[in-house]
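Residues per chain are reported as follows:
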Amino acid sequence: MITERERVRETFENLFGSEGEIRLYFAPGRVNMIGEHTDYNGGHVFPCALTIGTYAAARKRTDRKLRLYSMNFEKRGVTESSLDELTYQEEAGWTNYPKGMIWAFGEKGMKVEQGFDLVLFGNIPNASGLSSSASVEIVTGFLLKDLFGFEVSNQELALIGQYSENRFNGVNCGIMDQFAIAMGRADHAIFLDTATLKYEYAPLSLAGAKIVIACSNKKRGLGDSKYNERRSECESALAALQKAVKIDSLGDLTEEQFEQYKDVISDEVQRRRAKHAVYENQRTVQAVKALADNDVERFGGLMNASHVSLRDDYEVTGIELDTLVEEAWKIDGVIGSRMTGAGFGGCTVSIVKDEAVDAFIAQVGAAYEKKIGYAADFYVVEIGDGPVRLA
């Protein structure tokens, strides 16, 4: 059985020839266990890297040409570009992500002066909300560091990835996705304070249970979703609160403080958005404590509460994600289930007891297809490490 890294190398050699040094890399995808839409509100998140992700094969060139190919978008063929053409173009599609990283490295004083050939293959479902775009950014950053000898830490790679996504691709994302991917550690989730970038690794030992991701197969794009709208609603709510209480972000508030001051937010929608950000941040802190106390049931209960808040206060779920979660809650052996990622499609994450996994996939899958009209895909996943050079 040919491995994915072998397929990537073989594809590279078929397209670009086998001469010269071809290097292989991998960067994971990520799933956020709890702490959604808190990362740009100065709160905590709790993501982990996965063993699925993005493979890359790359070889330096002697000119300034870029030749880019994705095995996930074969019909696009090889896209030829140049280090002199590092501007965002909508029609450039996926290639905006690696080009954005080259541009961002240059902005940070690490100019790439030689072109390269690149083949990518991701086994993350596209547009699933498991961070295929951030995975492409981090694998690109990691190979730039390795190919051209730049001194840059994995934490700095995460910040460059976020900078690229914000400034080059125009998506106002927080730091979580890139950080989780760049800093991943097997069998651990990362408890990250997005306001300070202080973090700690927390063992995610789910003895007798598995993490199951259900992909709704409803396609969404972050940039054209209501993501930026939610962000600006939170910024308006914060500005109103800052007239009454000294805070830098919504993540600075406890639930009690929010209840004390919430009436200064005159807009009812903005008030609900802020409530989610504050309460979700506190849920995340409590969830990590529950894990430290070996109380997985409590962790699952907080996951469920997170989904309710994302559905009712933040309004980012939609019928597809709600159906997956509500059907999951009906099944014995489901410890917790919630939407994960930006919402508006994408995935749910569930903790499911080993003996219930098959029934979970069968029953949730059947109910979803009956109600929505097309199938969901299910992935039993493991928690993996951050980016790595494979060969």
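Scroll up to find the structure.
Along each chain, numbering runs from 1 in the same order as the chain's sequence is written. The predicted origin of the model limits local features to residues at a pLDDT of at least 70 and limits the giving and counting of side-chain atom pairs to 80 or more, whereas totals for whole chains, interfaces and linings rest on all residues. Excluded from the side-chain calculation are hydrogens and water; included are all heavy atoms of the structure.

Participant: Break down the overall build of the chain for me, with residues and values.
Facilitator: Going along the chain from the N terminus, every DSSP run of H or I of four or more residues is numbered as a helix, and every run of E of two or more is numbered as a strand. Along the backbone of the chain there are eleven helices and 13 strands. The globule rule used here is 2.2 Å times the number of residues to the 0.38 power, and the radius of gyration it is set against is calculated over C-alpha atoms. Radius of gyration (C-alpha) of the chain: 21 Å, near the 21 Å computed for a compact globule of 391 residues. Taking the principal axes of its C-alpha atoms as reference, the chain extends roughly 65 × 50 × 40 Å. Classification of the 391 residues of the chain by burial places 60% in the buried group. Burial classes: relative accessible area under 20% of the type maximum marks a residue as buried, over 50% as exposed, and values in between as partly exposed (1.4 Å probe, protein chains only).

Participant: Now, about the sheet that holds strand E11 (residues 347-353): what can you tell me, with residues and values included?
Facilitator: In this analysis, strands are considered paired if DSSP registers two or more bridges between them. An order of E10-E11-E9-E12 is seen for the four strands of this open sheet, with the pairing classed as antiparallel. Single-partner strands in this sheet number two, and they are strand E10 (334-340) and strand E12 (377-381). On average, each strand axis in the sheet is inclined to that of its neighbour by 20°, with strand direction left out of account. In this sheet, E11 lies alongside E10 in antiparallel orientation, the contact comprising six bridges. Its bridge partner being in E11, Val334 is matched across the sheet by Val352. In what follows, residue pairs with any heavy atoms lying within 4.5 Å of each other are defined as contacts. Working convention: axes come from line fits to C-alpha atoms, limited for helices to the stretch in contact. Angles between N-to-C directions cover 0 to 180 degrees. Set on the sheet, helix H9 (residues 296-312) makes contact with E10 and E11; between it and E10 the angle comes to about 35°. Against the sheet, helix H11 (residues 357-372) touches strand E9 (209-215), E10, E11 and E12, its axis set at about 160° to E12.

Participant: Outline the sheet that holds strand E8 (residues 198-203), listing residues and values.
Facilitator: If you trace the three strands from one edge of the open sheet to the other, you get E2-E7-E8, paired in antiparallel fashion. The outermost strands of the open sheet, each flanked by one partner alone, are strand E2 (44-45) and E8. Of the pairings in the sheet, the one linking E2 to strand E7 (residues 188-193) comprises two bridges and is antiparallel in character. Of the residues in E7, the one forming a bridge with Val45 is Leu192.

Participant: Requested: an account of the pattern of salt bridges, with residues and values cited.
Facilitator: Pairing between side chains becomes possible if they bear opposite charge and their charged atoms approach one another. By definition, a salt bridge exists where a carboxyl oxygen of Asp or Glu is found within 4 Å of a side-chain nitrogen of Lys or Arg. Tallied over the entire structure, the rule returns 30 salt bridges. For the salt bridge of Lys65 with Glu80, the shortest nitrogen-to-oxygen distance reads 3.6 Å. In this pair, Lys65 is assigned in strand E4 (residues 65-70) and Glu80 in strand E5 (residues 79-82), connecting sequence segments 15 residues apart. Note that Glu235 is salt-bridged to Arg231, the shortest N-O span being 3.9 Å. Of this pair, Glu235 and Arg231 both sit in helix H6 (residues 227-242), four residues apart, which is roughly one turn of that helix. Judged by relative accessible area, which is 15%, Arg231 ranks as buried. Each of Glu229, Arg230, Glu233, Glu268, Arg272, Arg273 and Glu315 takes part in one network of salt bridges that share partners.

Participant: Could you give an account of the layout of surface pockets, with specific residues and numbers?
Facilitator: Roughly 180 Å³ of internal volume is contained in the second largest pocket. Buriedness of a pocket was judged along seven lines, with at least five required to meet protein on both sides within 12 Å; pockets are open sets of points on a 1 Å grid over the protein atoms alone, cavities are sets where a 1.4 Å probe fits but cannot get out, and lining residues have an atom within 4 Å of a point. Taken together, Asp187, Leu204, Ser205, Leu206, Ala209, Lys210, Ile211, Val381, Glu382 and Ile383 make up the full set of residues lining the second largest pocket. Residue type decides the class: Asp, Glu, Lys and Arg count as charged, Ala, Val, Leu, Ile, Met, Phe, Trp, Tyr, Cys and Pro as nonpolar, and the leftover types, Gly among them, as polar. Residues of the lining of the second largest pocket, tallied by class, amount to six nonpolar, one polar and three charged. Grid points are joined across faces, edges and corners, and a volume is the space filled by probe spheres set on the points.

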